[in-house]
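Residue-level listing of the chains:
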Amino acid sequence: MPTPEHPLRKLGFLTIGLFDPADPAAGHRSTLEIMELGEQLGFDSAWLRHRHLQFGISSPVAVMAAASQRTSRIELGTAVTPLGWENPLRLAEDLATVDLLAGGRINPGLSVGEPMHYDTVKHELYPDSAETEDFSYGRVERFARLVAGEKVRDFSGKQGVVEEFSNRVEPHSPGLRSRLWYGAGSMKSAVWAGANGFNLLSSSVIFPDKDQEPDFAKVQQSQIRAYRDAAAASGNTARASQGLVVIPTDSASNAQREKYQRYVDERTPRTRAPQGPKGMMFAKDLIGTSDEIAAQLYAHEGFQEVDEVAFALPFSFDHDDYVQILTDIATKLGPALGWKPAE
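Now for a description of the structure that goes with this document. Since the model is a prediction, treat every value here as computed from it, not as a measurement.

All right, on to the overall build of the protein chain then. Looking only at helices and strands, the protein chain features ten helices and 16 strands. Taken against the 2.2 N^0.38 rule, which gives 20 Å for 343 residues, the C-alpha radius of gyration of the protein chain at 20 Å falls within 12% of a compact globule. Principal-axis analysis of the C-alpha atoms gives the protein chain an extent of 70 × 45 × 45 Å. Burial statistics for the protein chain: of 343 residues in total, 50% are counted as buried. Nonlocal contacts in the protein chain, meaning residues at least 24 apart in sequence, comprise 73% of its contacts between residues at least 6 apart. Total accessible area on the protein chain stands at roughly 15900 Å², and carbon and sulfur atoms take up 51% of it. Between the centroid of the 35 positive side chains of the protein chain and the centroid of its 46 negative side chains there is a distance of 2 Å.

Right, let's talk about the pairing of strand 1 (residues 10-15) for a bit. With five of six residues buried, strand 1 lies mostly within the body of the structure. When strand 1 meets strand 16 (residues 308-312), the two strands line up parallel, connected through five bridges. Bridge assignment links Phe13 to a residue of strand 16, and that residue is Phe311. Relative to strand 2 (residues 45-48), strand 1 is paired through four bridges, and the arrangement is parallel. Counterpart to Thr15 in the pairing with strand 2 is Leu48. Note on the crossover from strand 1 through helix 1 (residues 24-41) to strand 2: the handedness is right-handed.

Following the sequence through the fold, Met116 ends up in the loop between strand 6 (109-111) and helix 4 (118-125). Relative accessible area serves as the criterion here: at 60%, Met116 is assigned to the exposed category. Spatially, the C-alpha atom of Met116 lies 9.2 Å from that of Pro82, the residues being 34 residues apart in sequence.

Here we take up the side chain of Asp321. Position of Asp321 among the secondary structure elements: in helix 10 (residues 319-336). Asp321 sits in the buried class, given a relative accessible area of 5%. In this structure, Asp321 is in contact with Gln256, Lys259 and Tyr260, ignoring residues within four places of it in sequence.

Attention now goes to the packing of aromatic side chains. Going through the model one piece at a time under the given rule, you end up with 16 aromatic pairs. Arranged with centres 5.3 Å apart and planes meeting at 45°, the rings of Phe155 and Phe165 form a pair that is tilted. Of the two residues, Phe155 sits in the loop between helix 5 (137-148) and strand 7 (157-159) while Phe165 sits in strand 8 (residues 163-165), which places them ten residues apart along the sequence. For Phe165, a relative accessible area of 29% corresponds to the partly exposed category. Between Tyr263 and Phe317 the ring centres are 5.0 Å apart and the planes differ by 70°, which places this aromatic pair in the edge-to-face class. On the criterion of sequence distance, the pair formed by Tyr263 in helix 8 (residues 254-267) and Phe317 in the loop between strand 16 and helix 10 is long-range, its members being 54 residues apart.

This part covers the pairing of strand 2. By the alternation rule, side chains of strand 2 split into Ser45 and Trp47 and Ala46 and Leu48, which are all buried. Looking at chain direction, strand 2 and strand 3 (residues 75-78) are connected through four bridges and run parallel. By the bridge assignment, Ser45 is partnered in strand 3 with Glu75.

About the criteria used
Residues numbered from 1 in each chain as written. Predicted model: local features only at pLDDT ≥ 70, side-chain atom pairs only at ≥ 80, totals over all residues. Heavy atoms only, no water. Helix = DSSP H or I, 4+ residues; strand = E, 2+ residues; numbered from the N terminus. Rg over C-alpha atoms; globule rule 2.2 N^0.38 Å. Buried < 20%, exposed > 50% of the residue type's maximum accessible area, 1.4 Å probe, protein only. Contact = heavy atoms within 4.5 Å. Areas by Shrake-Rupley, 256 points an atom, 1.4 Å probe, with all protein chains shown as cover. Lys, Arg positive; Asp, Glu negative; His and termini not counted. Charge placed at Lys NZ, Arg CZ, Asp CG, Glu CD. Pairing = 2+ DSSP bridges. Right-handed = clockwise from strand over helix to strand, strands pointing away. Phe/Tyr/Trp six-rings, centres within 6.5 Å; stacked < 30°, edge-to-face > 60°.

Right, here's the structure in full:
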């Protein structure tokens, strides 16, 4: 638990990588520059959101590959990759390749379930199997087995003069399985992640059980505790990270402060009550000076359960805004939470 006596151990950030569809390359370059800045500021990790058929990063694997050649220390992750869009075997190959290029710094975050707006895309995504695709936990279990190097087939060995075949995913990156994360928003998913040897990503969106009081921080606390209990019962390591939106304003200009406050004000109404048939709950964005945000975090029951975070950057800000926010997080908010930048 982060307290003045027990400091925050790891500090990361999460970006969606928005871009202008008229000039998408500029947005991708901006994302890479932000990740480079994160390393320079001493952040422990940089995470990419995954967006399909939107104006955000659709291929975090490619962006992480590029970032791996621009950085040398900072860990790179996805939060999260929806496996419903992916072939687990091909994704295992891609991530192992990038992990090797990065020197063992990749942290894939995953989720399962039917792809968003599936009816609008299933004819292109799975034209021959749309009605029979498995979007359950079994899909991520299969992916984890492949990443771990378990046998894919019986066939292997040399064929002909030069062709040689393997019976597992190649290349194999030995440490990658231990760096798989699951993005859990419900008690069921949190318990499953702990029991099956995944690290836990708990974000600013969660789903309470029907009998739970709709208090975001308390629901998140209960899910993280249940995750740790399930991991302990299964003999698994239990790493849990929290990802709230924080907007420190210490070095922001007056215009930036006004812009940031408008953003928060527009998003605050959705945090006042559960949304939709599943009772989806959103965390409040934390805005203010770093000392003010630190005080709110220390009082947050969810934050009290973790010693590492990946603070989410707001969706629609400009490059200079992200530079200011990241700099304030690294130089003011992080130290206020007892964190020390990596050398």
